[in-house]
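# Architecture at a glance
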Amino acid sequence: QVQLVESGGGLVQPGGSLRLSCAASGIIFNIYTMRWYRQAPGKQREFVAGIISSGTTRYADSVKGRFTISRDNAKKTVYLQMNSLKPEDTAVYYCNAYHPWSGVENWGQGIQVTVSS
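Residues numbered from 1 in each chain as written. Predicted model: local features only at pLDDT ≥ 70, side-chain atom pairs only at ≥ 80, totals over all residues. Heavy atoms only, no water.

This part takes up the overall build of the protein. When helices and strands are tallied, the protein shows zero helices and eleven strands. Reading the secondary structure of the protein in the N-to-C direction produces β-β-β-β-β-β-β-β-β-β-β. Its C-alpha atoms give the protein a radius of gyration of 13 Å, near enough to 13 Å, the size a compact globule of 117 residues would have. If you line up the protein on its principal axes, its C-alpha atoms span 40 × 25 × 25 Å. With 117 residues in all, the protein has 43% of them scored as buried. In the protein, 54% of the contacts between residues at least 6 apart in sequence involve partners at least 24 apart. Accessible area for the protein stands at about 6100 Å²; split by element, carbon and sulfur atoms hold 48% of it. Counting 12 positive and 7 negative side-chain charges, the protein places the averaged centre of each group 3 Å from the other. (Helix = DSSP H or I, 4+ residues; strand = E, 2+ residues; numbered from the N terminus. Rg over C-alpha atoms; globule rule 2.2 N^0.38 Å. Buried < 20%, exposed > 50% of the residue type's maximum accessible area, 1.4 Å probe, protein only. Contact = heavy atoms within 4.5 Å. Areas by Shrake-Rupley, 256 points an atom, 1.4 Å probe, with all protein chains shown as cover. Lys, Arg positive; Asp, Glu negative; His and termini not counted. Charge placed at Lys NZ, Arg CZ, Asp CG, Glu CD.)

In the Ramachandran plot, lysine 76 falls in the positive-phi region, its phi being about 55 degrees despite a non-glycine side chain. Its place among the elements puts lysine 76 in the loop between strand 7 (67–72) and strand 8 (77–82). A positive phi angle, near 50 degrees, is found at serine 84, a position not held by glycine. Tracing the backbone through its elements, the reader meets serine 84 in the loop between strand 8 and strand 9 (91–98).

This part is about the pattern of salt bridges. All told, the structure shown has five salt bridges when counted by the stated rule. A salt bridge links glutamate 46 to arginine 38, with the nearest nitrogen and oxygen atoms 2.7 Å apart. One salt bridge in this structure joins aspartate 61 and lysine 64, with 3.2 Å as the shortest N-O distance. Taken as a pair, aspartate 61 and lysine 64 share a single burial class, namely exposed. Put simply, Arg38, Glu46, Arg66 and Asp89 are held in one network by salt bridges that share partners. (Salt bridge = Lys/Arg side-chain N within 4 Å of Asp/Glu carboxyl O.)

As C-alpha cells, this is what we get:
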C-alpha cells in the first residue's frame, strides 16, 4: 500500500521560509519521479517542482530561484525548501510519486501553506 505523508506546512510571513517533507512508503522510492504540486482556492492544481531518480530537477517559473526540491533515497523522503515566500504561494501543497515506466502516480493528502502578515 502506497502512502505519501506530507509535513512542515503552516503559517509564515511574507519573505519567510518553510520546508515541506514528504515521506513515502510502499514504493521502490529511488526509481520514482517525485513532484510537488499546489492548489490555491478557486484555482486548478499546478506543478511546482519535480526531481527524477538521477537528481535532475525542474521548477515552475513562478518558484525558480526561491524553491529547492531535493530527495533522500535512504529515508524515502522528498523535500521542498521554500524561501522568500509570497502571499501568492498560499495553497495546499501535494506530494506526487510518479512511476516513470508504468505511468502510475500516487498523491499525498496535501498540506496547507499560508503566507500572510
